[in-house]
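Letter by letter, the chains look like this.
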Amino acid sequence: MNVDDYDFHLPEELIAQTPLSDRSASRLLLVNKENGQLEHRHFTDILEQFQPGDTLVLNDTRVIPARLFGVKEDTGAKAEVLLLKSLGEDRWEALVKPGKKLKTGAVIIFSGELRAVIEDEADMGGRTLRFIYTGIFQEILDRLGSMPLPPYIKETLDDRERYQTVYAKHEGSAAAPTAGLHFTRELLEQIADKGVTIAYITLHVGLGTFRPMSVEKVEEHVMHAEYFVLPGETAEALNAARAGGGRIIAVGTTSCRTLETVGRQFQGGPIAECSGWTDIFIYPGYKFTIVNALITNFHLPKSTLVMLVSALAGRENILAAYEAAIRQKYRFFSFGDAMFIY
């Protein structure tokens, strides 16, 4: 399959630059994955789509203020660092700008209490950094760091919490699981009151979110590994849903990828508490083992995420849904509107 088969034209004015003041005020496009039928609704209408016995799976990762700005120690030139993954012992996998000037051995000064040494280089701006600091690293990061908003968002985010889900708990992500941004605590309570089990996984969003596909053939792309945790109570909820005939509904592609990784691990048998690294790449032809339905945002053209939703609903159905959303002027990407594939 060609990556270009997943391209579409998106007018720039449809890229949402700021979040809505009311999280659940977004629009919602319902997509029937069997026949491609579409319905235009509002996100609060998602409540009507749930049935008693369903299990809703949310990713409770929390975004860290992972973007740091500093200067090169020797020249004073500006330097930018995006933290992606902790490697332990004060070492981090990161992206840096400008990549051509930040080589192994370079020292970046962020403040009088924080600096970093580049220990290793990878492709496309990837680096391994070792931090040297005075005090507690997380507290320093909270003071100096800024939220790692995607490059297509040009506006400043006034409230950091609007790039966190209301249930964000475990720190470690370089980006938000944005499908979850639409949920309020009140809406989650209403969903639970309908007899829906709400369960949580954790997947820390990393490098794959920021790197475009650089191959022509879909099958040649290699996903970057991300760390996930599936707790025991979530395993029990998934087993109960499958035994009782309830649907398993993933909120976001991160939850979907985690669930499908676990499904492959247990090969159709009972699911148990587990954790590890996943580099699963889901594209058309993939057979889903756990996920029955998906709540997601609208994704970038030619991205692995468009391929994932195409695997669930069919490429033609998804491209038709995107075309309809563009005609109706839906808001796209991280702060945009939502889609429910059922």
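Residues numbered from 1 in each chain as written. Predicted model: local features only at pLDDT ≥ 70, side-chain atom pairs only at ≥ 80, totals over all residues. Heavy atoms only, no water.

Visitor: Can you walk me through the pairing of strand E3 (residues 55-59) in this structure?
Guide: If a strand is regular, its side chains alternate between the two faces of the sheet. E3 sits mainly inside the fold: five of its five residues count as buried. Along E3, one buried face is formed by Thr55, Val57 and Asn59 and the opposite face, lined by Leu56 and Leu58, is buried too. Relative to strand E12 (residues 197-203), E3 runs parallel, the two being bridged by five bridges. The residue of E12 that forms the bridge with Leu56 is Ile198. Sheet topology note: the E3/strand E14 (residues 248-251) ladder contains three bridges and is parallel. When the sheet's bridge partners are listed, Val57 is paired in E14 with Ala250. (Buried < 20%, exposed > 50% of the residue type's maximum accessible area, 1.4 Å probe, protein only. Helix = DSSP H or I, 4+ residues; strand = E, 2+ residues; numbered from the N terminus. Pairing = 2+ DSSP bridges.)

Visitor: What is the right way to read the sheet that holds strand E17 (residues 338-341) from this model?
Guide: Within a sheet, adjacent strands bond to each other through the backbone by hydrogen bonds, running parallel or antiparallel. The mixed open sheet is built from nine strands, whose spatial order is E2-E1-E17-E16-E14-E3-E12-E13-E15. Of all strands in the sheet, those bounded by a partner on one side alone are strand E2 (38-42) and strand E15 (274-278). On average, adjacent strands in this sheet sit at an angle of 20° to one another, irrespective of strand direction. Two strands pair when backbone bridges link them, and E14 and strand E16 (residues 293-297) are joined in this way by three bridges, in the parallel orientation. Looking at E16, one finds that Val251 is bridged to Ile295. Relative to the sheet, helix H5 (residues 304-313) contacts E16 and E17, its axis offset from that of E16 by approximately 150°. (Axes fitted to C-alpha atoms, helices over the stretch in contact; angles between N-to-C directions. Contact = heavy atoms within 4.5 Å.)

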